[in-house]
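Secondary and tertiary structure notes
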Amino acid sequence: MIIKNGKVALLGEDKFLDVDIKVEQEKITEIGKNLSEDTKILDADGLLVFPGGIDPHVHFDEPGYTFNEDFYHGTCAAASGGITTVIDMPCTSIPPVTNINNLFTKLNIIKKKAIVDFGLYGGVSSQSFEEGYLQNMEELSRFVLGFKTYFISGMDTFGRLNLSQFKKVLIKAKELNLPILLHAEDYNYVKKATEIVKKEGHLPIHYYASRPEKAEIIAVSTAIKIAKHFDVNLHIVHIGTAKAAKIVSKSNATCETEPHYLEFDMNDFEKIGSALKTTPSVKSSPNKEKLWKYLSNDSINFVASDHAPCPKKAKKTGSIWTDYAGIPGCGTLFPYMFSEGFMKGRLNLIRFVEIISENAAKRYGIFHKKGSIEVGKDADFVLVNPKKNWIVKGKDFYSKGKITPFEGFELKGKITKTILRGKVIYDSEKGILAEKGYGKFLKP
C-alpha cells in the first residue's frame, strides 16, 4: 500500500510535508515524493496524516469488571479515536496483575479481543508485600512496560503503599530498569478531609474538598524527594494541579495530564455533576490554563485518557460519595487534543505529535516500533480531515461507557481512518474493520 496526496507529520518537522508513504508487511518501508508501484493506493487528498496515537493510561476492566468495560469495546473506542496503541492498568481486573500467573490469566483473555496493539503494566500493591513482591516484579519485568502504585487507593484488591514500601519498590524497579507509575494523592490528608466534609454534604464541591490541590502537591513533593534520593525512574499519572506539575518539571521524574483537567474546573463540576467525577477530581479554575502552558513548554510530558467508564446507574446513585469515579476517554483523547490543542494554536505541530504519540512511546520503551512516522516502524497512522467538525455524542461511543463530560462538544477536525500496521481498522463511514484479536501484545 502507498498513502498518497496527504499532508504528513514527520518526526521533528514543524510543517506538514507533501510525501508518500509506502507500507509493506505491516511496516513503513519508504517515505518520499511520487512513490509509485503496482500496489494499492490510499488517496489521502485533503487529509492530515499523523502517527497512530498512543494512550498510555486505560482501564479496560477485563477480566472481572466487564460490566463497566471490556477489551473489545475499549479498543474499538480507541481505534475510533485514532489510538493505535494502549497500555492497560493492572489494578482494575480480577485478579490484578501483581504476579506472573495473574498476568497470563488476563493476557489469555484479552489477546483474543484487542483491536489495537496493547501493552500492560504490572502492579505492586500492599498485598504484594505478603506475596513476595521482589520475585513477582522480577518475573513480570519481562512482560510489562512499568509498575503502577498508589499512595491512596479505593480498591480493596489493590491496596496503597506506605512510604517504606514505596521506597523498596522504587529500588527494585531501578534494578529492573522499568518506571514506577504513581497515583499521587496524600493518604492522610484525603482521609482526614473526607471525614470532615462528608458531614457537610454530598455535592461535587464536597468531593473536591476531600482531595483538593494540596493533597496532590503534598504527595507529589514527597514522591519526588524519595525518587531523587534513590535516583530512580518515577512517573506521576493524571496530574491535575499546576503547582504539582511544576514540581515534577524541576526533577528527573515525568508526568502526564488528561483532557478533563485541561478543559474543566470546579465550576464545571458543580454544573455537570457526576458525569465529570474522576479521581483525582478536577481542580479550581486557574489550574487548567497553567496546565496547557506546561503541556506546551514540555513541563508535562504527554497526555493520556485515564479511560474508566461505567454504566449510567453507577453515576447516578444519589450521592457524590457513592457515584462512580471515572469517565470514558480513549475515543476522545486524540480528537480533543487536535481540536483544542493544535487547531487552536495552543500546541505547535512538533509538540502535538510529541504529546499524542512520540513521548509515551519513548517513556515506555516502544519507540523502536511506535510513536512516529519513520522507515522501519509499524505502519500506524491517523488520517484527519481538518475541515470537518463533529459533535461528541456518548450514545455513539464504541465504549460500553456512554456518559461523558464532553457531551455536545463540537470538535474541529474529523478522523476519517485509523490504520494499524498497514490495515485500516476504523473508517468513519464503515466503522470498525478489524477482527477481534488483530491487536498485538507489546512486551518491553
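On a predicted model such as this, the values are computed, not experimentally measured, just so you know.

The number of helices and strands found in the protein is 14 helices and 19 strands. Against the globule reference of 22 Å for 444 residues, the protein gives a C-alpha radius of gyration of 21 Å, in line with a compact fold. Projected onto its principal axes, the C-alpha coordinates of the protein cover approximately 70 × 50 × 40 Å. Out of the 444 residues in the protein, the part that is buried amounts to 61%. Accessible surface, the protein as shown: approximately 17,300 Å² in total, 49% of it carbon and sulfur. Looking at charge distribution, the protein has the averaged site of its 62 positive side-chain charges lying 3 Å from that of its 53 negative ones.

Looking now at helix α3 (residues 133–140). Among the residues of α3, Y133, N136, M137 and L140 are the ones counted as buried. One face of α3 carries all of its buried residues, which in axial projection span an arc of 95°. In this fold, the buried residues of α3 make contact with α2 (100–110), β10 (122–123), β11 (147–150) and α4 (163–176).

This brings us to the environment of D55. Tracing the backbone shows D55 in strand β7 (residues 53–58). On the accessibility criterion, D55 (0% relative accessible area) is buried. Separated by 252 residues in the primary sequence, D55 and H307 have C-alpha atoms spaced 9.0 Å apart. In this structure the side chain of D55 is engaged in a polar contact, spanning 2.5 Å, whose partner is the side chain of S305.

In the structure shown here, the tally under the stated rule is 28 salt bridges. Across the pair K4 and D20 runs a salt bridge, and its minimum N-O distance is 2.6 Å. One end of the pair, K4, is in strand β1 (residues 2–4); the other, D20, is in strand β3 (residues 20–24), with 16 residues separating them in the sequence. Taking relative accessible area as the criterion, K4 reaches 17% and is therefore assigned buried. The partner of K288 in a salt bridge is D265, and the shortest N-O contact between them spans 3.4 Å. In this pair, K288 sits in helix α11 (residues 286–296) while D265 sits in the loop between α9 (259–263) and α10 (266–272), placing the two residues 23 residues apart along the sequence.

Each regular strand displays side chains that alternate between the two surfaces of the sheet. Of the two faces of β11, both are covered, the one formed by F147 and T149 as well as the one formed by K148 and Y150. Inspection of the sheet shows β10 paired to β11 by two bridges, in the parallel sense. Residue pairing for β11: G122 is matched across the bridge by F147. Note on the crossover from β10 through α3 to β11: the handedness is right-handed. Bridge count between β11 and strand β12 (residues 180–183): four bridges; the pairing is parallel. When the sheet's bridge partners are listed, F147 is paired in β12 with I180. For the crossover from β11 across α4 to β12, the handedness is right-handed.

Strand order in the open sheet made by the six strands is β2-β6-β16-β17-β18-β19, with mixed pairing throughout. Looking at the sheet topology across the chains shown, the edges are occupied by β2 (7–8) and β19 (431–432). Where strand β6 (residues 48–51) and strand β16 (residues 381–391) come together, four bridges link them in antiparallel fashion. Directly across from V49, in β16, lies its bridge partner L383. Along the sheet, helix α1 (residues 71–80) makes contact with β17 (410–420), β18 (423–427) and β19, crossing β18 at roughly 90°.

Okay, the pairing of strand β14 (residues 254–257) next. Along β14, one buried face is formed by T254 and E256 and the opposite face, lined by C255 and T257, is buried too. Judged from the two bridges that link them, strand β13 (residues 234–236) and β14 form a sheet pairing that is parallel. Counterpart to H235 in the pairing with β14 is T254.

Rules behind the numbers
Residues numbered from 1 in each chain as written. Predicted model: local features only at pLDDT ≥ 70, side-chain atom pairs only at ≥ 80, totals over all residues. Heavy atoms only, no water. Helix = DSSP H or I, 4+ residues; strand = E, 2+ residues; numbered from the N terminus. Rg over C-alpha atoms; globule rule 2.2 N^0.38 Å. Buried < 20%, exposed > 50% of the residue type's maximum accessible area, 1.4 Å probe, protein only. Areas by Shrake-Rupley, 256 points an atom, 1.4 Å probe, with all protein chains shown as cover. Lys, Arg positive; Asp, Glu negative; His and termini not counted. Charge placed at Lys NZ, Arg CZ, Asp CG, Glu CD. Arc of directions from axis to C-beta. Contact = heavy atoms within 4.5 Å. Polar contact = N/O pair within 3.5 Å; in protein donor to acceptor, adjacent residues only side chain to side chain. Salt bridge = Lys/Arg side-chain N within 4 Å of Asp/Glu carboxyl O. Pairing = 2+ DSSP bridges. Right-handed = clockwise from strand over helix to strand, strands pointing away. Axes fitted to C-alpha atoms, helices over the stretch in contact; angles between N-to-C directions.

Interpretation note: all reported values are geometric properties and have no functional meaning in isolation.
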